[in-house]
Amino acid sequence: MPHVKCLRCRECGSEYPIEPLNACEFCFGPLEVEYDYESISKAVSRESIAAGPNTMWRYHDFLPVDRELAIDISTGFTPLIHAKNLGSQLGLDKLYIKNDSVNPTYSFKDRPVSVTTTKALEFEFEVLACVSTGNLMGSVAAHGAKAGMKTMVFYPADLEQGKIQGAAVYGPTMVAVTGNYDHANRFCSELADNHRWAFVNINMRPFYAEGSKTLGYEVAEQLGWKAPDHCVVPGASGELHTKIWKGLQEFNDIGLIENLKTKMHLAQPEGCSPIVGAFETGSDHVTPVRPETLAKSLAIGNPAAGPYSLEVLKETDGTGVYAEENTIIDGIKLLAETEGIFTETAGGVVISSLKKLVEQGKIKRDEVTVAYVTGNGLKTMEAMGDFVEPIQTTPDYETFQTALAAAQKS
Ligand SMILES: *Cc1c(COP(=O)(O)O)cnc(C)c1O
Ligand SMILES: [Zn+2]
């Protein structure tokens, strides 16, 4: 059995049983899973974790579901790559890329969704649903298919084809909602009140959020049971940023790592940066914005975990940084051309933001830095525009040599 105690309100501390609930009935604060850490620390060691499967399920003791029942399509334990080429361009000797774009559905969302699907089955839901900025729906559709559940995914109608088709292939009911993500999200909250559906990021949100902690554990383990000096994390709802930090803290608290002093930086696109905006003005309040960004996976104008992400920035001495819209593609290309990793727009935001952090002197050459690449470039092809200029040739030697010489001149 998992080492879970209860759900607890982050604001007033009220306690709730383990049920599909996400908001406190007294103060509307978000609920969070609370664990029995004494029992976790008895159950795990570095050795026991290292002997586990090469997936996120090696950390099952820190997750709110039963390992035996896991809907596991082999998510996690993705590569942590020493990015020597990109690092030397940016002036960093110890830059690492956490390449989470190689998960089963090509984004980190497989981590939270794997946990939630398992929990939804335990609660005996028949329908798995979500409201998505793009990557979530592919993951929900895939895990629902594996679990034999009906799936229903809601998304803003203007998403990239790679996200839409990449979800549709698993056979969900697709619902394109007019308006942006925030409109769709409000609508889905109403639906969640009126249907017995497991909405992974609404009524199931406390369980969903826990899956992202594994991105903290993994990096620490892969660095040889050490936390990095810096993490650079993309932010939409802000949940991923807060949960990577929660994961690192848990490892530190039970002694799997020591001396935790990671600075947790948050990267958003200029056209949708409500959390970074609040950080820059020193406000505790995140003012919603209307998203206008190329990075559709990060286009949440009213971020649910915004205030907690701000707290993490303050607590860890991290920096909130935005990438100018016209640098997102540059970031994608820079990573591809130096490290052979093709990320989506959110990754472009991270790489451009990382560059700014180095230029601002926030990250020093010899500090261990992890940049989180959370989604795959093949899903956002249209964002790249028409950038391919091939050499045109017929299949004969002369024509090719002439065309090559002309191309090399220009
Ligand atoms: C959803 C998403 C994020 C942001 O996650 P939040 O937890 O909402 O902040 C980052 N990158 C990619 C590729 C995503 O799909
Ligand atoms: Zn409360």
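In what follows, the structure referred to is the one given above.
Quantities reported herein were computed from a predicted structural model and do not represent experimental measurements. Along each chain, residues carry numbers from 1 onward, in the same order as the chain's sequence is written. Whichever chain is written first is A, and whichever ligand is written first is 1; the rest continue in order. Two thresholds apply to this predicted model, a pLDDT of at least 70 for residue-level local features and 80 or more for giving and counting side-chain atom pairs, whereas whole-chain, interface and lining totals are computed over all residues. Side-chain descriptors were evaluated using all non-hydrogen atoms of the structure, hydrogens and water having been removed beforehand.

Draft legend 1. A look at the overall build of the protein. Helical segments are the DSSP runs of H or I of at least four residues, strand segments are the runs of E of at least two, and each set is numbered from the N terminus. Within the protein, the secondary structure is distributed over 15 helices and 13 strands. Between the two quantities, the radius of gyration covers C-alpha atoms and the globule rule is 2.2 Å times the number of residues to the power 0.38. Whereas a compact globule of 410 residues would reach a radius of gyration of roughly 22 Å, the protein reaches 21 Å, a difference of no more than 12%. Taken along its principal axes, the extent of the C-alpha atoms in the protein is 75 × 45 × 45 Å. Looking at the protein as a whole, 57% of its 410 residues qualify as buried. For each residue, the accessible area found with a 1.4 Å probe, counting protein chains only, is set against the maximum for its type, and the residue is called buried under 20%, exposed over 50%, and partly exposed in between.

Draft legend 2. Highlighting the coordination of the zinc ion (ligand 2). Coordination partners: N, O, S within 2.8 Å of the metal, 3.2 Å for Na, K and Ca; water not considered, so apparent gaps in a site are possible. Binding of the zinc ion (ligand 2) to the protein goes through Cys9 (SG), Cys12 (SG), Cys24 (SG) and Cys27 (SG), at separations of 2.2 to 2.4 Å. When the donor residues of the zinc ion (ligand 2) are listed from N- to C-terminus, their spacing reads C-x2-C-x11-C-x2-C. With Cys12 in the loop between strand 1 (4–9) and strand 2 (15–16) and Cys24 in the loop between strand 2 and strand 3 (31–35), this pair connects stretches of sequence that are 12 residues apart.

Draft legend 3. Structural detail: the packing of helix 9 (residues 214–222) against helix 10 (residues 239–253). Each axis is a line fitted through C-alpha atoms, and for a helix only the stretch in contact is used; angles between axes span 0 to 180 degrees, taken between their N-to-C directions. One can describe the packing of helix 9 onto helix 10 by two numbers: an axis separation of 6 Å at closest approach and a directional angle of 50°. Viewed along their axes, helix 9 and helix 10 adopt a mutual orientation that is oblique. Where helix 9 crosses over helix 10, the two elements pack in a sense that is right-handed. Contacts between helix 9 and helix 10 involve Leu215, Gly216, Tyr217 and Ala220 from the first element and Leu240, Ile244, Gly247, Leu248, Glu250 and Phe251 from the second. When residues are sorted by character, Ala, Val, Leu, Ile, Met, Phe, Trp, Tyr, Cys and Pro go into the nonpolar class, Asp, Glu, Lys and Arg into the charged class, and all the rest, Gly among them, into the polar class. For the contact of helix 9 with helix 10, the per-class residue count stands at 7 nonpolar, 2 polar and 1 charged. Roughly parallel refers to an angle under 35 degrees, roughly antiparallel to one over 145, roughly perpendicular to one between 65 and 115, and oblique to any angle outside these ranges. By the definition used in this description, the sense in which the near helix is turned from the far one sets the handedness, with an anticlockwise turn below a right angle giving left-handed and a clockwise turn giving right-handed. The contact definition used throughout considers only heavy atoms, calling two residues in contact when any of these lie within 4.5 Å.

Draft legend 4. Spatial organisation of the sheet that holds strand 8 (residues 173–177). Any two strands between which DSSP finds at least two bridges are classified as paired. Strand order in the open sheet formed by 4 strands is 8-7-6-9, with parallel pairing between adjacent strands. The open sheet has two edge strands with one neighbour each: strand 8 and strand 9 (198–199). Looking at chain direction, strand 7 (residues 150–156) and strand 8 are connected through 5 bridges and run parallel. Bridge pairing in strand 8 places Met152 opposite Thr173. Seen against the sheet, helix 5 (residues 135–147) touches strand 6 (127–131), strand 7 and strand 8 and runs at an angle of roughly 175° to strand 6.

Draft legend 5. Looking closely at the site of ligand 1. The criterion for a residue being near a molecule or strand is simple. One of its heavy atoms has to lie within 4 Å of it. Not every one of the 16 residues close to ligand 1 is listed here, only the nearest: Lys109, Asn135, Ala236, Ser237 and Thr374. Any pair of nitrogen or oxygen atoms within 3.5 Å is treated as a polar contact; in protein, a donor-acceptor pairing is required on top of that, and neighbouring residues in sequence qualify only through side-chain atoms on both sides. In this structure, Leu240 approaches ligand 1 through a main-chain N or O atom, which is 2.9 Å from an oxygen atom. Between ligand 1 and Thr374, the relevant distance is 2.7 Å, taken from a nitrogen atom to a side-chain nitrogen or oxygen of the residue. Values of accessible area rely on a 1.4 Å probe in the Shrake-Rupley scheme; residue burial ignores everything except the protein chains shown. For ligand 1, whose free accessible area comes to 380 Å², the fraction covered by protein is 96%. Here the residues of the shell around ligand 1 are counted per class, giving 6 nonpolar, 7 polar and 3 charged.

Draft legend 6. View of the sheet that holds strand 2. The antiparallel open sheet is built from 3 strands, whose spatial order is 2-1-3. On the outer flanks of this sheet lie strand 2 and strand 3, each paired with one strand and no other. Pairing of strand 1 with strand 2, which is carried by 2 bridges, proceeds in the antiparallel orientation. Counted as the bridge partner of Arg8 is Glu15 from strand 2.

Draft legend 7. Up close: helix 11 (residues 274–281). Within helix 11, burial applies to Pro274, Ile275, Val276 and Ala278. Its buried side turned inward, helix 11 meets strand 11 (263–269), helix 12 (306–316) and strand 12 (320–323). One or two residues past the end of helix 11 sits Gly282, with phi positive at roughly 75°.

Draft legend 8. Structural detail: the packing of helix 4 (residues 110–122) against helix 5. Helix 5 packs onto helix 4 with a crossing angle of 40° between their chain directions and a minimal axis gap of 9 Å. What the angle tells us is that helix 4 and helix 5 run oblique. Helix-helix and strand crossings are classified by hand; for helix 4 and helix 5 the assignment is right-handed. Residues Asp110, Val113, Ser114, Thr117 and Leu121 of helix 4 form the contact with helix 5, whose own contacting residues are Leu136, Ser139, Val140, His143, Gly144 and Ala147. Residue composition of the contact of helix 4 with helix 5, by class: 5 nonpolar, 5 polar and 1 charged.

Draft legend 9. Just the side chain of Asn376, in detail. Following the sequence through the fold, Asn376 ends up in the loop between strand 13 (369–373) and helix 15 (397–409). Classification of Asn376 by relative accessible area gives buried; the value is 12%. In terms of polar contacts, Asn376 uses its side chain to reach the backbone carbonyl oxygen of Ser101, at 3.1 Å. Aside from chain neighbours lying at most four places away, what touches Asn376 is Ser101, Tyr106, Phe342, Thr343 and Glu344.

Draft legend 10. Layout of a nonpolar patch on the surface. Nonpolar side chains (Val, Leu, Ile, Met, Phe, Trp, Tyr) are joined into patches within 5 Å and like charges within 9 Å, using only residues with over 30% relative accessible area and no salt bridge. When a carboxyl oxygen of Asp or Glu is within 4 Å of a side-chain nitrogen of Lys or Arg, the pair counts as a salt bridge. Together, Leu378, Met381, Phe387 and Val388 give the surface a local cluster of nonpolar side chains, amounting to about 390 Å² of exposed area. Assignment of secondary structure puts Met381 in the loop between strand 13 and helix 15.

Draft legend 11. Spatial organisation of helix 5. For helix 5, built from 13 residues, the straight-helix expectation of 18 Å at 1.5 Å per residue is met to within 8% by its first-to-last C-alpha distance of 19 Å. Most of helix 5 is tucked away, with 11 of its 13 residues classed as buried. Buried within helix 5 are the following residues: Asn135, Leu136, Met137, Gly138, Ser139, Val140, Ala141, Ala142, His143, Gly144 and Ala147. Looking at the buried positions of helix 5, the neighbouring elements they touch are helix 4, strand 6, strand 7, helix 6 (161–168), strand 8 and helix 8 (205–211). Remark: Gly148 follows helix 5 within two positions and exhibits a positive phi of approximately 70°. Multiplying 1.5 Å by the helix residue count minus one yields the expected span of that helix.

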